[in-house]
Amino acid sequence: MYNDTMADLIQKQKHFYRSGATRPFEYRLRQLKKLREALIANEKQIIEALKMDLNKSEFEAYSTEIGIVYEELSFTIKHLRSWMVPKKAKTALTHFGSKGRIIPEPYGTTLIIAPWNYPFQLAVSPLIGALAAGNTAVMKPSELTPTMSTLLAKILGSVFEEEYVAVIEGGADVSQELLAQPLDYIFFTGSVNVGKIVMQAAAKQLIPLTLELGGKSPCIVHADAPLKLTAQRIVFGKFTNAGQTCIAPDYLLVHRSVKTELITCIQEAIREFYGPDPLSNTSYGRIVSEKHFHRLASFLQHGNVVSGGSTSPDNLTIEPTLLEQVTWDMPVMQEEIFGPILPIMEYDRIQEAVDMINARPKPLALYLFTREPEIEETVVGNVSYGGGCINDTLMHIATPYLPFGGVGESGMGAYHGRGSFDTFTHYKSVLKQTNLFDFTFRYPSSKNGLKYL
Ligand code: NAD
């Protein structure tokens, strides 16, 4: 859908929004429930699409995509009424007699641009926030996961009129057409480079936006960490979805004294989770495209492969791979890896690790494995990053109680749970003045302080 038709669609949505239909609590609740019913009814097709596009196993499909969306829906349905209540605000002494209110108000017509790596969850989670907050929405799924893109268009098209929710399929050109429309809010998830393009497009019309971007998320393993457990949690975080996770540990910073033992534990965990030959494990994810496969395979030309390293161009799979003797100037340490390759670097003092991270763009996630509170304080208190875990990986993204988002180059804004409602809501401050008296001293001609009316 291009040009006039796209402009028509946005106008249709704006018209529908202005009718006030999307604002009442009952309407929003009904739509969220309709969405939940439709997703449940299509669960099998969603699992099949994830298998087709990314070879996601049913277990991963449920635990990292569908389950998170259901949780988000239930949480939102449960709390929506309370989130929508305007808040009374105190007034300053200078405003005596007046009352203040903060009113949550939808933005209007919103655009959601989604990536391919969690093509269901990262498209539908923001949609839940947009609808809960009373907006209309246009969704643009990723062209790199075409089965899911078409399925989302079909499911959402069967539940909602396009004046309320519409799915527009296509690639960068379609995205750009959409970004040129007079939107009221943009929610973008994707790469840092495209994030900059989206922000420039938004700036042309001063459209407020959220950017959920990526980057290199470090994982620090201190000398006192329980290595077997740590290794399992790292392997889970790194090799789920074949490493194509925005918050996957990108690289390890390991205390020199435990490096060798940690590597052994990681190798054991890989064997335990994926078997002796992960490339023949049908539940192990594949790389999304040939372009990404070759980009990842080229990373293996530098450094020293400690384990893994095999690739299968026919299946677009890459073995879980550990890489050491890497330096910051190698391509693998220059860009976000976004695949099943884990470089390992060492440090002797925790401050070295902190300095290495602080010398680079602010990460989306950071993971730290330690039992020592001082080490925790040194890292959490001195490094700026979107969010993360102590003694775990990924799990901070999967709870509606923690807003999720980046900072600096890894993004701006946050969502999930109440955070999603807030993201898609403008909080309007309104002061209601009394007509019983007036503070006339503020008028240039005033001689008196207070005048009764
Ligand atoms: P991408 O930036 O290439 O694409 C994301 C979306 O933008 C797609 O829908 C695509 O069609 C569209 N797009 C691509 N080029 C465009 C352009 N020039 N103008 C306008 N739109 C354009 O990202 P991707 O490869 O799909 O996803 C991987 C990236 O996303 C990684 O960097 C990853 O870290 C990041 N990511 C972040 C999060 C998060 O929650 N912060 C989640 C998943 C992925």
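Worth saying up front: this structure is predicted, and the values here are computed from it rather than measured.

Participant: I would appreciate a short explanation of the site of the ligand in the present structure.
Facilitator: Close to the ligand lie 28 residues, the nearest being P115, S175, G190, G214 and C246. Within the residue set of the shell around the ligand, elements represented by two or more residues are α7 (172-179) and α8 (192-205). A class-by-class count of the residues in the shell around the ligand yields 13 nonpolar, 11 polar and four charged. Here the shell around the ligand spans two domains, and each of domain 1 (6-213 + 411-428) and domain 2 (218-397) adds at least three residues to it.

Participant: Help me understand the sheet that holds strand β5 (residues 165-167) in this model?
Facilitator: Strand pairing in a sheet relies on backbone hydrogen bonds. The paired strands run either parallel or antiparallel. Read from one edge to the other, the open sheet built from six strands follows the order β5-β4-β3-β6-β7-β17, with strand pairing classed as mixed. Across the chains shown, the open sheet's two edge strands, defined by having one partner strand only, are β5 and β17 (411-412). Where strand β3 (residues 109-113) lies against strand β6 (residues 185-189), four bridges are found, and the strand directions are parallel. Each residue of the ladder has a partner; that of I112, found in β6, is F187. On the sheet, helix α6 (residues 146-159) packs against β4 (136-140) and β5 and is oriented at approximately 160° with respect to β5.

Participant: What should I look at first to understand the domain arrangement of the chain in this one?
Facilitator: Accessible area lost during the coming together of the parts is what is often quoted as the interface size. The assigned domain composition of the chain is domain 1 (6-213 + 411-428) and domain 2 (218-397). Placing the centre of domain 1 and that of domain 2 at their C-alpha centroids yields a distance of 31 Å. Contacts between the two partners involve 11 residues from domain 1, matched on the other side by 12 residues from domain 2. Of the residues in the side of domain 1 that touches domain 2, the class split is four nonpolar, five polar and two charged.

Participant: Just to check I follow, could you spell out the pairing of strand β14 (residues 341-347) for this structure?
Facilitator: On a regular strand, each side chain points to the face opposite its neighbour's, so the side chains alternate between the two faces of the sheet. Burial of β14 is extensive: five of the seven residues sit out of reach of the surface. In this structure, strand β9 (residues 251-255) lies alongside β14, joined through four bridges in parallel fashion. Residue pairing in the sheet places L253 in a bridge with M345 of β14. Bridge analysis of strand β13 (residues 321-324) against β14 gives three bridges, and the strand direction is parallel. Within the sheet, the bridge partner assigned to T321 lies in β14 and is I341.

Participant: Explain the nonpolar core to me, please; I cannot follow it from the model alone.
Facilitator: It is characteristic of soluble globular proteins that their nonpolar side chains tend to be buried jointly. Counting residues in each nonpolar core, the largest one holds 115 residues, and the members touching the most others are I112 and I266. Top contributing element to this core by residue count: helix α5 (residues 121-132), with eight residues. Shared between two domains, this core takes at least three residues from each, and those domains are domain 1 (6-213 + 411-428) and domain 2 (218-397).

Participant: So what exactly am I meant to see when it comes to the sheet that holds strand β10 (residues 304-307) here?
Facilitator: In spatial order, the strands read β10-β13-β14-β9-β8-β15-β16; together these seven strands make up an open sheet with mixed pairing. Every interior strand has two partners, whereas the edge strands, β10 and β16 (387-390), have only one. With strand direction ignored, the average angle separating the axes of adjacent strands in the sheet is 25°. The sheet contacts of helix α10 (residues 259-274) involve β8 (218-221), β9, β10, β13 and β14, and relative to β14 the element is tilted by about 160°.

Participant: Any chance you could explain helix α2 (residues 25-41) here in plain terms?
Facilitator: Each α-helix turn comprises 3.6 residues. Residues three or four places apart therefore point the same way. For α2, which comprises 17 residues, the first-to-last C-alpha distance of 24 Å matches the rise-based estimate of 24 Å (1.5 Å per residue) to within 8%. Regarding α2, the residues found buried are R28, L32 and L35. Buried residues in α2, looked at end-on, bunch into an arc of 55°, giving them a common side. Along α2, the residues that are exposed and aim more than 90 degrees away from the buried face are E26, R30, K33, E37, I40 and A41. Looking at the buried positions of α2, the neighbouring elements they touch are α4 (58-84), α5 and α6.

Participant: Looking at this structure, how should I read the UniProt feature "active site" (unreviewed entry) in the chain?
Facilitator: Residues annotated in UniProt with the feature "active site" (unreviewed entry) correspond here to E212 and C246. Over a stretch of 35 residues, the named residues converge on one spot in the fold, their C-alpha atoms separated by at most 9.2 Å. On the secondary structure map, E212 appears in strand β7 (residues 209-212). The class for E212 is buried, based on 27 C-beta atoms found within 10 Å. Assignment of secondary structure puts C246 in the loop between α9 (227-239) and β9. The class of C246 is buried, set by 27 C-beta atoms lying within 10 Å.

Participant: Would you mind going over unusual backbone geometry with me for this structure?
Facilitator: With glycine set apart, most residues show a phi of negative sign, and most peptide bonds adopt trans. Positive phi, close to 50°, is recorded for A242, a residue that is not glycine. On the secondary structure map, A242 appears in the loop between α9 and β9. Residue classification places A242 among the buried residues on the basis of 29 C-beta atoms within 10 Å. The phi torsion at N391 lies on the positive side, around 65°, for a residue other than glycine. By secondary structure assignment, the location of N391 is in the loop between β16 and β17.

Here is what the cut-offs are and how they apply
Residues numbered from 1 in each chain as written. Predicted model: local features only at pLDDT ≥ 70, side-chain atom pairs only at ≥ 80, totals over all residues. Near = placed C-beta within 6 Å. Helix = DSSP H or I, 4+ residues; strand = E, 2+ residues; numbered from the N terminus. Nonpolar A, V, L, I, M, F, W, Y, C, P; charged D, E, K, R; others polar. Domains from an automatic or database assignment. Pairing = 2+ DSSP bridges. Contact = placed C-beta atoms within 7 Å. Axes fitted to C-alpha atoms, helices over the stretch in contact; angles between N-to-C directions. Buried ≥ 20, exposed ≤ 12 C-beta atoms within 10 Å, placed from the backbone. Core = buried A, V, L, I, M, F, W, Y, C linked by C-beta atoms within 7 Å. Expected span 1.5 Å × (residues − 1). Arc of directions from axis to C-beta. UniProt positions renumbered as here; feature names shortened; annotations may be inferred.

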